[in-house]
Each structure stands twice: as structure tokens, then as C-alpha cells.
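# Survey of secondary and tertiary structure
Residue-level listing of the chains:
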Amino acid sequence: MNTLNIGKRIRLILCSITLALLVSLLGEIADGNLRFGSLPTAKAAGEAVSKASLSQLFALHDALNAGEPADRLAVSALRAELSGLTSEDASVLDPIWETIRLKLPASVDQEAVKSQFFLFLRDMELYLLQPQTEFLNEIRSNSDYKSALQILSSAAGQPYLTADDFLLFQLGDGGTRLGVEGTLRKKLYELSPFEINTFMQDKQTVLDLYNQKRQEVLGQAESYQVSRVLRNLGVKPAKVQEAADRLSSRLQTDDRAFAPLAVAYIRSNTTLTVSYPRFPSDGTVRYVLNVFGAYVSPQITKLNFSQVAGRTKLDLFEMQTDYVGSIVFSQDTIDESGIVQLKLLHSYDQQPRIIYEKELRNPKGNDVSPFGADFFMEQTKSLYDGLTAGNPVWLLSVRDMNSEVAALDGSSQLQIIDPVWSKIAPRLNASVDKEAVKLALFQMMKEAGSFDDATTAEALQVFAQNKAYNTALQSLYPYGYIDANDFLLFLLGDGKNLKGIKGAWQEQLTGLNGEQAIPYLQDQKKRDSLLYSAIQTVNNGMDGGFYRFGYALGKLGVTVDDFWAATQNILSALPSYPAASGAKLLAQLHPQLNVSLSPGDDGLSQRFSVRLAGSPVPNSMLTWTKLSGSGEVLVSADGVASIPRNVNEGTALIQASIADSSSGVSIALFQQEVTLTNENDVDGNGNGNGNGNGSYLDQILGQISTGLVSILAALQNKLLDIIQNPLKVLETILLFLRNSTGMTSD
């Protein structure tokens with residue numbers, strides 16, 4: 001019998017027993033992925049609920065997720081194949097069913113019981129491969145499954161079997177009942193370093209040891225309900241093995257899943273022991289690899305020790321002694337840290353696989369992330385100074401957006417982060433309260449997004465120490481310590497080595513001239529492209545920085561596009577975002593905004609000229625509006641403010657805006673007050689005495705001009721009314737001419 005068949009047999013043993021997890025994890029058992037995780041369920045006839053210990057189960061699940069993507073795909077392929085099995089495949093149980101059927105009452109529909117028992121085992125394995133509470137509850141509540149289990153239990157003269165009995169058999173209760181997994185792990189912790197090396201690289205050793213411990217637990221009928229029922233039904237381990245062979249012959253993906261699952265089991269029982277220097281002046285720290293409690297020597301097991309990411313470049317060395325490697329930490333730069341990996345170079349299929357990955361830090365440092373309140377306050381003040389120095393509308397739009405962020409509702413709007421959450425959720429430990437993590441991430445984003453110039457250092461400290469935030473982040477980052485400050489570093493940077501999304505965005509604006517900047521003011525989509533590019537820079541580490549939050553997202557499979565989709569969902573829920581994004585861009589560019597006025601002849605007009613970052617902004621590109629002031633002051637479409645000849649002086653507040661073609665929002669570029677003084681008033685004798693008594697013709701022209709001003713004002717303020725009453729316009733003009741020239745109604 002070849003190794004493959006042996007492995008596949010093991011798988012059914014688990015299948016028939018529960019298609020248990022460890023087998024799948026250890027054995028070539030395609031089950032291989034038998035998964036981790038189940039919650040206790042009530043037993044029948046008032047018997048106490050069995051309590052399986054789930055800690056190792058969750059550790060296995062985490063370990064698989066911490067491995068290579070190809071390994072997760074191999075296990076997913078196994079799950080997909082298993083999910084395709086139907087009641088027609090129940091014939092694989094024939095070797096054990098030959099004995100079971102003899103114990104069943106004649107009135108029982110044996111084929112139906114057999115089919116439902118097979119489907120129950122299939123679904124239990126599917127759950128173990130990808131533990132989800134909802135799916136487990138469906139298994140527990142399935143009336144067909146419960147009926148089949150009750151019939152089998154009754155035939156064995158035992159209380160009703162449940163899904164939790166199978167988990168208890170496989171995982172133990174954390175006490176005296178070790179289960180298959182605990183019995184195996186206990187044995188592994190007794191092995192020598194040489195024996196552990198063999199276990200990590202030889203498939204047959206794994207299979208033989210697993211078979212031995214499984215049979216040991218099957219013989220403990222006094223401790224396990226599953227063992228008692230199988231014993232009373234006359235099922236022998238050899239028949240279980242035969243059924244396993246039948247199942248293995250139908251599976252095509254179990255062999256490929258063996259190595260990923262076996263290495264995941266190893267990974268869940270691997271630690272790195274630190275050996276600190278004897279002398280304080282020596283910054284060298286040495287590391288010993290421990291697998292199942294035994295040290296693993298690179299002289300026996302081929303390993304690779306390397307840095308894969310980190311805030312600093314560590315002075316790391318591989319070693320070929322009892323130590324796997326060493327790092328020489330600086331005596332001055334105590335915030336040194338980096339993610340290191342240990343790879344088993346020749347695993348069961350000769351492919352290198354990660355067995356350890358953690359962030360190692362200078363032992364003289366601490367776990368506090370380097371985000372500082374002073375830097376935040378400085379950056380925030382700079383932004384709000386720019387907003388205040390510019391147009392008052394800028395500050396108002398940003399404050400409005402901050403208020404809208406603060407008003408986001410976690411009870412009804414959690415779905416806006418689903419593009420990111422859909423990638424995170426399947427990869428979290430089954431013991432994690434996913435709803436609490438999702439809500440905490442939402443609230444953390446919401447709170448950070450509403451920070452403004454009123455945010456104090458004390459408020460930032462409370463944010464960083466928020467227990468719910470830090471618990472949620474830790475569930476995303478199993479490589480070491482992480483806190484809410486790391487989230488702020490990802491968003492805002494530290495002003496030094498870490499730009500953050502905000503710093504990357506600001507950097508893109510550096511060096512833009514007005515000609516390049518204006519399109520971003522005219523088009524929200526272009527402004528969004530700046531933000532997307534900044535997210536891409538930080539998320540992919542293109543700025544050379546290391547962000548724990550970003551690293552965690554990447555390891556969880558979250559892409560830049562996923563993060564951007566969630567960002568767009570958030571921004572679309574903020575009505576003030578288009579105006580606020582333009583305002584922030586202008587606040588950034590405000591020091592380079594220059595507005596000048598060129599007086600016309602006789603002080604009757606002033607022409608505005610605008611330059612942005614050294615480049616002229618065509619007046620025709622702007623929308624000109626008089627916000628307040630003298631009724632006689634007009635502003636033209638090309639940025640010229642003027643008064644009529646018969647008016648001595650006029651003052652008005654003028655605003656220039658740029659229309660955003662994509663959002664429909666006008667972004668106020670600037671507001672400026674202008675005063676116009678008529679320098680050429682003359683009296684009735686033609687003298688320039690400035691008393692306003694000009695010639696009769698001048699008076700007539702002045703009155704006509706004033707009348708036209710009134711008409712234009714009416715056109716601006718009551719356009720709809722005038723369009724609906726065209727005769728009113730004519731009546732107004734005739735009345736004005738009649739009063740101005742002394743004409744009669746004739």
C-alpha cells in the first residue's frame with residue numbers, strides 16, 4: 001500500500017468519526033484541512049453539554065491563515081471538492097455500515113440514515129475547514145442529521161450523539177480528556193530534536209504517529225461518547241481504515257493539502273526563544289527555534305532566517321549552531337524593529353514554507369508606537385491656518401464634513417467598510433468576536449476622521465488607549481504589539497520616516513504649478529485620483545516606510561482597490577466632501593495664491609488678476625459673484641468690477657469660484673472686498689467740482705445708467721419673474737424714460 005493511500009485512509013477515519021480536524025491538518029488526509037472550531041451544543045435526554053477545548057483548534061486555523069497563499073488555495077480546493085459530495089457518495093461508508101446496519105431496528109430506513117450520517121460528517125468537515133458559527137448552528141439544528149444520530153446512538157444504547165461529541169473526541173476538553181489532537185501533541189512534546197526534525201519532513205512519520213494516537217483515543221470508550229457508540233455498534237478501527245481508503249479514492253485534492261495542513265500544525269506549535277547578551281554593551285541578541293518544545297538546530301533542519309519587512313533594516317545573521325540566527329541591535333536607536341521569517345526549506349513536498357513570522361524589536365525599546373501628539377497638533381494647525389487664511393467658506397465646508405463623519409452611524413452604516421471587511425472576516429481567528437471587531441474598526445475610522453483643530457493631546461491619548469480599538473487591531477496583527485497609534489501613523493504619518501496617506505498626498509502637490517493644479521480644482525475625480533495614489537503609495541510601502549496597520553491588511557488579502565472602495569463608500573456618505581476636498585487642496589496651495597487688482601480709467605472699474613503657484617488663472621475660467629455691498633457695483637463674467645459714471649463711490653465683496661464639472665459643486669477660490677471711487681464727476685457748468693451736478697446730458701446718461709443697473713439687478717434677482725412677465729420689463733423702461741426726459745404719456 002503506498003503512502004498516498006495510507007494518508008487518504010486516515011482521512012476517512014476522521015470523516016467517519018467526524019472527519020476531524022487534526023487529521024486533515026496532519027495527515028495527508030485530504031481532509032487535510034479539517035478545520036478548527038466549534039461551539040458546544042446541547043445534548044439530548046438532559047445529559048450535560050460536552051465542552052471541547054477550542055484553543056488549539058483556533059491556533060491551527062490561525063496558523064493556516066498565516067501561511068502562503070498557495071497553501072490556503074490548496075485547502076480551499078479540498079473544501080470545494082468535499083462540498084460537492086452528495087448522498088450518492090455515502091457508499092464510502094460501506095465497510096463500517098456492514099456492522100452498523102446489523103444493530104438497527106428493522107423499521108428503520110437504513111439507506112436514509114446512512115445518507116444523512118454521511119452528509120452530517122461531510123458538513124462537519126466543511127465547518128472544520130472553514131469555521132463559521134452560522135454554519136455550525138445549521139448543522140446542529142438540521143432535523144435529518146439529528147434524527148440519524150439519534151437512531152445510531154439508540155442502537156448503541158447511548159445518549160444522543162451531537163456535533164460537539166465529535167469535537168470533544170478530536171480536540172479534548174483541555175483537561176484529562178486530551179482527544180486525538182491533544183494525545184498527539186503530548187507525544188510530540190516528548191520527542192527529541194532529531195525526532196522532531198524527522199516529523200517535520202517525513203510524511204509517513206506523521207501518518208503513522210497520527211494513526212497510533214487515533215486508535216489510542218478510540219480505545220478510551222469510558223471518556224468519549226463517539227468511542228462508546230462506535231464500540232457498541234461493533235465498528236473496528238480496521239473497518240474505519242477501509243472506509244477511509246474508499247473515500248480517498250474519490251478525492252483528488254487531499255494529497256495536495258497535506259503539506260499545507262501539516263506545516264500549519266507545526267507553525268501553531270512554534271516559538272522563538274531569545275538569548276540576551278551577557279554584557280550591556282553587547283547589542284547582539286540570539287534566537288533559538290522551538291517546535292513542540294524541542295529546539296530545532298539548523299545543523300539538522302534546513303532553515304532560512306530573514307527579515308521581510310520592518311521599520312528599520314536589522315543587522316541580521318543566519319547561524320548554523322543551536323541558534324537559528326542573531327540580530328545586532330543598536331545601542332542608540334532603541335525603536336529598531338522588523339518582521340522576521342523562519343522558513344522550513346524542505347517540507348513534505350520539498351517546498352519552502354513559513355513556520356514562524358514575528359516582529360522583533362530592540363529589547364531596550366518599548367511597545368509604544370512613535371505617533372506623537374505634537375506632530376499631529378502641528379499638522380492640524382497648519383491645515384486650519386491655511387483654511388482660515390483663505391476663504392471663510394473653506395473652513396466651513398471642512399467643519400461640515402467633520403461633523404458628517406462624526407454622525408456616521410455604526411448601527412446602520414457598517415456596510416460601508418464591507419469591501420475591506422469581506423477580506424478580513426474569513427481570515428480572523430474563529431474565537432474572535434467579528435461583530436465587535438468590525439464595529440471597533442468602523443468607530444476608530446469615524447473618530448480619527450473627525451479630528452480637527454479642537455482635538456487635544458489628551459483626546460489623542462484616550463484614542464490610542466481605547467481597549468476596543470486595540471483589541472480589534474491585535475486580531476489583525478498576530479506578529480507583535482499594535483495599537484491605535486499605528487492606525488494614525490497609517491493615516492497621518494509621523495513627520496519623519498513615515499509619510500502616512502496625508503503626507504503622501506501633500507507630497508504629490510509639491511512642485512505643482514497653477515496650470516497643473518487647476519484641473520484638480522475643476523474635477524473631483526482628479527482630486528480623488530490624488531487620494532488613491534497616496535493610499536497606494538502607503539499601502540504598498542512605496543514611500544519606504546513600514547506601517548503595521550498596512551502590513552496587517554496586506555497579509556489579510558486586502559488590496560489597494562479594496563481599501564479604496566471602502567474609502568469611496570465613506571466619502572459618498574458625506575455631502576460636504578466635494579467642497580471640503582477642494583478646500584483642503586486650496587488651503588495647501590493658498591500660500592501660492594495671488595490676487596491683484598488693475599484700476600481702469602477714472603476709477604470706475606477694477607479688473608481682477610489671479611495667479612496660482614506662479615501660473616495665471618484665466619478669469620473666464622472662474623465664476624464671479626458679488627456677495628454683498630453697494631447696489632451700484634457690478635461684476636462682469638470676466639472679473640471686472642465697475643460703477644456707473646453718476647455714482648461717486650461703491651464697495652462690494654466679490655467672490656471667484658471654480659466650477660467642479662464632476663460633482664457640480666463650485667469651489668470658492670477667494671473672496672475680496674473692492675472699493676471703486678469715481679474720479680471724474682463734473683457739475684452743470686462743466687467744472688470738475690465733484691459735486692455731482694453735471695450737464696443735462698450727463699444727468700440723463702447717468703439716470704439711464706442707474707436705471708439699467710436696476711434692471712440688471714432685477715434680472716439677476718428675479719429672472720424667473722421677469723421671464724414670466726415680459727411686459728413688466730417694457731413698462732419699467734418706458735416709465736424710466738418718461739420720468740427722466742419729461743415725456744408725457746402722449
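Located above this text is the structure these notes cover.
Because the structure is a prediction, the values reported are computed rather than measured.

Here we come to the overall build of the protein. If you tally the helices and strands in the protein, you get 31 helices and 16 strands. Residues counted as buried form 51% of the 746 residues belonging to the protein. Put simply, of all contacts in the protein between residues at least 6 apart along the chain, 68% involve residues at least 24 apart. Per element, the accessible surface of the protein, about 32700 Å² overall, is 51% carbon and sulfur.

So, on to the nonpolar core. One finds Leu-387, Ile-424, Leu-441, Phe-463, Leu-476, Trp-624 and Leu-669 to be the most contacted residues of the largest nonpolar core, which totals 101 residues. Contacts of Trp-624, omitting those with residues within four sequence positions, involve Phe-608, Val-610, Asn-619, Val-635, Ser-636, Ala-637, Asp-638, Gly-639, Ile-654, Gln-655, Ala-656 and Phe-670. Counting 98 residues, the second-largest nonpolar core is a separate cluster that includes Val-229, Ala-257, Val-263 and Phe-292.

If the charged atoms of two oppositely charged side chains come close together, the side chains can form a pair. According to the stated counting rule, one finds 23 salt bridges in the structure shown. Residue Lys-186 is joined to Glu-190 by a salt bridge in which the shortest nitrogen-to-oxygen separation is 3.2 Å. A relative accessible area of 48% places Lys-186 in the partly exposed class. For Glu-357, the salt bridge identified is with Lys-555, shortest N-O distance 3.2 Å. With a gap of 198 residues between them, Glu-357 in strand 8 (residues 353-361) and Lys-555 in helix 26 (residues 548-555) connect regions that are remote in the sequence. The buried category is assigned to Glu-357, whose relative accessible area is 9%. Accessibility expressed as a relative area gives 23% for Lys-555, which makes it partly exposed. Salt bridges linked by common partners bring Glu-359, Arg-361, Asp-486 and Arg-548 together as one network.

Moving on to the sheet that holds strand 16 (residues 666-677). Read from one edge to the other, the open sheet built from 3 strands follows the order 12-15-16, with strand pairing classed as antiparallel. Whereas interior strands pair on both sides, the edge strands pair on one side only; in this sheet they are strand 12 (623-629) and strand 16. The sheet shows a mean angle of 30° between the axes of neighbouring strands, taken without regard to direction. Both strand 15 (residues 649-659) and strand 16 contribute to a ladder of 11 bridges, which runs antiparallel. Bridge pairing links Leu-653 to Glu-673 in strand 16.

A large share of helix 13 (residues 225-232) lies buried, amounting to 6 of its 8 residues. Buried residues of helix 13: Gln-225, Val-226, Ser-227, Arg-228, Val-229 and Leu-230, and no others.

For Asp-62, the location among the structural elements is in helix 3 (residues 55-65). Using a relative accessible area of 31% as the deciding quantity, one classes Asp-62 as partly exposed.

Turning to its location among the elements, Gly-541 is positioned in the loop between helix 25 (524-539) and helix 26. A sequence separation of 10 residues divides Gly-541 from Tyr-551, and the C-alpha atoms of the two residues are 8.8 Å apart.

Right, let's talk about the packing of helix 6 (residues 110-129) against helix 9 (residues 163-171) for a bit. Between helix 6 and helix 9, the least distance of the axes is 11 Å, while the angle of their chain directions is 60°. Overall, the two elements helix 6 and helix 9 adopt an arrangement that is oblique. The hand of the helix 6/helix 9 crossing is right-handed. Along its contact with helix 6, which presents Phe-117, Phe-120, Leu-121, Met-124 and Leu-128, the element helix 9 presents Ala-163, Phe-166 and Leu-167. Of the residues belonging to the contact of helix 6 with helix 9, the class tally is 8 nonpolar, no polar and no charged.

With that settled, consider helix 12 (residues 203-218). An ideal rise of 1.5 Å per residue puts 22 Å on 16 residues; helix 12 measures up with 23 Å between its terminal C-alpha atoms. Taken together, the buried positions of helix 12 are occupied by Val-206, Leu-207, Leu-209, Tyr-210, Asn-211, Lys-213, Arg-214, Val-217 and Leu-218.

Thresholds applied
- Each chain carries its own residue numbering, running from 1 in the direction its sequence is written.
- Selection of residues for local features in this predicted model requires a pLDDT of at least 70, selection of side-chain atom pairs for listing and counting requires 80 or more, and totals for whole chains, interfaces and linings are taken over all residues.
- Each side-chain value is worked out from all heavy atoms of the structure, with water and hydrogens disregarded.
- Numbering of helices and strands runs from the N terminus; a helix is a DSSP stretch of H or I covering at least four residues, while a strand is a stretch of E covering at least two.
- Buried means the residue's accessible area, taken with a 1.4 Å probe over protein chains only, is under 20% of the maximum for its type, while exposed means over 50%, and partly exposed covers the values in between.
- By definition in these notes, contact holds between two residues if any of their heavy atoms fall within 4.5 Å.
- In short, Shrake-Rupley with a 1.4 Å probe defines the accessible areas, and a residue's cover is counted only from the protein chains shown.
- Here, the term nonpolar core denotes a set of buried Ala, Val, Leu, Ile, Met, Phe, Trp, Tyr and Cys residues that are joined through side-chain atoms within 4.5 Å.
- Definition used for salt bridges: Asp or Glu carboxyl oxygen within 4 Å of a side-chain nitrogen of Lys or Arg.
- In this analysis, strands are considered paired if DSSP registers two or more bridges between them.
- In this analysis, axes come from line fits to C-alpha atoms, helices being fitted only over the stretch in contact, and the angle between any two N-to-C directions falls in the range 0 to 180 degrees.
- Should an angle fall under 35 degrees it is taken as roughly parallel, and over 145 as roughly antiparallel, whereas 65 to 115 is taken as roughly perpendicular and any remaining angle as oblique.
- Crossing chirality is assigned from the near helix's rotation relative to the far helix, an anticlockwise turn below a right angle marking it left-handed and a clockwise turn marking it right-handed.
- All residues other than Ala, Val, Leu, Ile, Met, Phe, Trp, Tyr, Cys, Pro, Asp, Glu, Lys and Arg, Gly among them, are scored as polar; the first ten of these are nonpolar and the last four charged.
- Expected helix span is given by 1.5 Å per residue-to-residue step, counting one fewer step than there are residues.

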